[in-house]
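Listed below, chain by chain, are the residues.
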Amino acid sequence: MSALMKIEAVTIFPDYFSPLNLSLIGKAQSAEIIEVKIHDLRSFTDDNHNTVDDTPYGGGAGMVMLPEIWGRALDPLMVDGTDLIILTPAGKRFDQKMAEKFATSEHLVFACGRYEGIDDRVRIHYSSPEYSSRNIRVHEVSIGDYVLGGGEVASLVIIEAVTRLLPGVIGNPQSLVEESHNTEGYLEYPNFTKPQEWRGITVPEILLSGNHGEIAKWRTLQASERAKENG
């Protein structure tokens, strides 16, 4: 059986992706729902120091990752229908709608930049008509308005958000319908389990009533209030 989705990442720190062998994503790989391959960018260098960066044209702090090395790494991965995701603070904000869009892809490739990022000619090159004619799409993506050390952590966030949407990954598909961010403007309602009382705090009476219609109304109201408080 071939995998429903192939996920690849290019990074100078392959071990960063070891969590993908755990939990639901690990099980999804065992079930051949997804296939994951991690590529070490430094293996595509040809000098003794495995150099992947250099000083920026025009001056400025930091180092920029070399386009030639990225080209060698990415060229073999750019098959028809690939979604190339370049992680950058300047990218479009990742959200649930984007996760749902990526979940329809058969092939995701994550370019994990470091330092001051990847030479922009990499983005320009793979956005050219030569690649778009093959249905290869380039996405610059950010997971929030803050700066990380590199794209690896952001890639893990996106991979988890996307793969859990694939058929067979989540044990109870209904949880995907009910969870946070599936309804515009709402967050998930508060949840409770046993015991009925814990450290003097009791479960709301409505949840013990068995009246599913009223429970649904209460949960909708609570989700709305939570969205206002945390919005």
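Preceding this section is the structure that the text describes.
Residues numbered from 1 in each chain as written. Predicted model: local features only at pLDDT ≥ 70, side-chain atom pairs only at ≥ 80, totals over all residues. Heavy atoms only, no water.

**Student:** Could you clarify how one ought to interpret helix α1 (residues 23-30) in this entry?
**Tutor:** Helical geometry: 3.6 residues make up each α-helical turn, so side chains three or four residues apart lie on a common side. Within the sequence span of α1, burial applies to Ile25, Gly26 and Ala28. Take α1 and look down its axis: the buried residues cluster within an arc of 160 degrees, on one side only. What points out from α1, more than 90 degrees from its buried face, is the exposed set Ser23, Lys27 and Ser30. Structurally, α1 contributes buried residues whose contacts are with β2 (34-40) and α6 (151-163). (Buried < 20%, exposed > 50% of the residue type's maximum accessible area, 1.4 Å probe, protein only. Helix = DSSP H or I, 4+ residues; strand = E, 2+ residues; numbered from the N terminus. Arc of directions from axis to C-beta. Contact = heavy atoms within 4.5 Å.)

**Student:** What should I look at first to understand the packing of aromatic side chains in this one?
**Tutor:** By convention here, two paired aromatic rings are described through the distance between centres and the angle between planes. A complete count under the given rule lists two aromatic pairs for this structure. Summarising the aromatic geometry, the rings of Tyr126 and Tyr131 are spaced 5.0 Å apart at their centres and angled 65 degrees between planes, so their arrangement reads as edge-to-face. Assessed through its relative accessible area of 2%, Tyr126 is described here as buried. Under the relative-accessibility criterion, Tyr131 is labelled buried at 6%. (Phe/Tyr/Trp six-rings, centres within 6.5 Å; stacked < 30°, edge-to-face > 60°.)

**Student:** Whenever I open this one, the pairing of strand β1 (residues 5-11) confuses me. Can you help?
**Tutor:** Walk down a regular strand and you will see the side chains alternate between the two sheet faces. Most of β1 sits inside the fold, with six of its seven residues counted as buried. Sheet topology places β1 next to β2; seven bridges connect them, and they run parallel. Of the residues in β2, the one forming a bridge with Glu8 is Lys37. Regarding topology, α1 serves as the crossover connection from β1 to the parallel β2, and that connection is right-handed. Relative to strand β6 (residues 107-111), β1 runs parallel, the two sharing five bridges. Within β6, the position partnered with Lys6 by the bridge is His107. (Pairing = 2+ DSSP bridges. Right-handed = clockwise from strand over helix to strand, strands pointing away.)

**Student:** Looking at this structure, I do not really get the environment of Leu87. What am I missing?
**Tutor:** Residue position: Leu87 is located in strand β5 (residues 83-93). In this structure Leu87 comes out as buried when scored by relative accessible area, which is 10%. Considered as a pair, Leu87 and Gly113 are 26 residues apart in the sequence and their alpha carbons are 6.6 Å apart. Among residues more than four places away in sequence, those in contact with Leu87 are Phe110, Ala111, Val141, Gly151, Ala154, Ser155 and Ile158.

**Student:** When you look at the nonpolar core in this model, what are you seeing that I'm missing?
**Tutor:** The nonpolar side chains of soluble globular proteins are, as a tendency, buried together. Formed by 30 residues in total, the largest nonpolar core has its most connected members in Ile34, Phe94, Phe102, Phe110, Val141, Ile158 and Val162. Among the elements of the structure, β1, α1, β2, β5, α3 (96-102), β6 and α6 are those that each provide at least two residues to this core. Among the elements that line this core, the one with the most residues is α6, at six residues. In this structure, Val141 is in contact with Ile85, Ile86, Leu87, Thr88, Gly91, Lys92, Phe94, Met98, Phe102 and Ile158, ignoring residues within four places of it in sequence. (Core = buried A, V, L, I, M, F, W, Y, C linked by side-chain atoms within 4.5 Å.)

**Student:** Looking at this model, I keep getting lost on the environment of Glu116. Mind explaining?
**Tutor:** When you line up the elements, Glu116 lands in the loop between β6 and α4 (121-126). Along the sequence, Glu116 and Lys194 sit 78 residues apart, while their C-alpha atoms lie 49 Å from each other. With residues up to four places along the chain from it excluded, the contact list for Glu116 reads Ala61, Gly62, Met63 and Val64.

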